[in-house]
Amino acid sequence: MLKIRLRRMGAIRQPHYRIVVADARAPRDGHFIEILGHYNPRTEPATIQVDVTKYEEWKHKGAQPTDAVARLVRQFNRAARKAESVEVAAAPSDLRTRTASGKRMTPTVANGAGATASAAGEESTAPAAPEVTFPGEEGTDEPVLEAASETPEGAKEGAAETDAAM
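Residues numbered from 1 in each chain as written. Predicted model: local features only at pLDDT ≥ 70, side-chain atom pairs only at ≥ 80, totals over all residues. Heavy atoms only, no water.

### Digging into the overall build of the chain
Item 1. Secondary structure summary: the chain contains 2 helices and 6 strands in total.
Item 2. When the helices and strands of the chain are listed from N to C terminus, the series reads β-β-β-β-α-β-α-β.
Item 3. Across the 166 residues of the chain, 23% fall into the buried class.
Item 4. Sequence-distant contacts, at least 24 apart, represent 34% of the contacts inside the chain between residues at least 6 apart.
Item 5. When the accessible surface of the chain is totalled, it reaches about 12,500 Å², and 52% of it is carbon and sulfur. (Helix = DSSP H or I, 4+ residues; strand = E, 2+ residues; numbered from the N terminus. Buried < 20%, exposed > 50% of the residue type's maximum accessible area, 1.4 Å probe, protein only. Contact = heavy atoms within 4.5 Å. Areas by Shrake-Rupley, 256 points an atom, 1.4 Å probe, with all protein chains shown as cover.)

### Let's talk about the pairing of strand β3 (residues 34-40)
Item 1. Sheet topology note: the strand β2 (residues 14-23)/β3 ladder contains 5 bridges and is antiparallel. Looking at β3, one finds that I19 is bridged to G37.
Item 2. Sheet topology note: the β3/strand β4 (residues 47-51) ladder contains 4 bridges and is antiparallel. Each residue of the ladder has a partner; that of N40, found in β4, is T47.
Item 3. Connecting β3 to the next strand, β4, in antiparallel fashion are 6 residues. (Pairing = 2+ DSSP bridges.)

### What about the pattern of salt bridges?
Item 1. Enumeration over the complete set of coordinates arrives at 3 salt bridges.
Item 2. Between D29 and R28 there is a salt bridge, with the nearest N and O atoms lying 2.8 Å from each other.
Item 3. Across the pair K54 and E34 runs a salt bridge, and its minimum N-O distance is 3.2 Å. Here E34 lies in strand β3 and K54 lies in helix α1 (residues 52-61), a separation of 20 residues in the sequence.
Item 4. Using a relative accessible area of 29% as the deciding quantity, one classes K54 as partly exposed. (Salt bridge = Lys/Arg side-chain N within 4 Å of Asp/Glu carboxyl O.)

### Re the nonpolar core
Item 1. In this structure, I4, I19, L36, V50, Y55 and V69 are the most contacted members of the largest nonpolar core, which totals 17 residues.
Item 2. Counting residues per element, the ones that place at least two in this core are β1 (2-11), β2, β3, β4, α1 and α2 (67-86).
Item 3. Top contributing element to this core by residue count: α2, with 4 residues.
Item 4. When residues no more than four places from it in sequence are discounted, the contact partners of L36 are I4, I19, V20, V21, Q49, V50, D51, K54, Y55 and W58. (Core = buried A, V, L, I, M, F, W, Y, C linked by side-chain atoms within 4.5 Å.)

### Considering unusual backbone geometry
Among all residues save glycine, negative phi is the norm, and among peptide bonds the norm is trans.
Item 1. Cis rather than trans, the peptide bond between E44 and P45 has omega equal to -5°.
Item 2. Residue position: P45 is located in the loop between β3 and β4.
Item 3. Residue R13 is not a glycine yet carries a positive backbone phi of 60°.
Item 4. Mapping R13 onto the fold places it in the loop between β1 and β2.

Below, the structure is given as structure tokens:
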């Protein structure tokens, strides 16, 4: 019997998971047949990536998803539907990466702003992309980010927030 389940990856106390198809008798982190996606619970919100077409193919072939994988795929599909109902023109892709809140991880073009003209030679009616200006350009006197030159109060000389007490 084949199972669609999570395979733990990552270092100690830093887990992330692969969604894989494996024999039910194989160990959790042992041999698998195919990778269907990834799940990272350590990001805020959690990142879920699933190749939906492969997942459906394996289910059609008889592979049984575990409760955890079924829950993750439902959450992924719910987030995908929610995000696609908000977006006017979604990029067609079966391999999508979304966070648990439904936000896309890869940038997309909203409202077809980057759409090309059709093969018939019609011009695109999409609005032009807005120009981006940065502080310090075009004579603006806005300050640009500068590095802090002082040590924060209460911190030892030479200590940083990234220093870990071992």
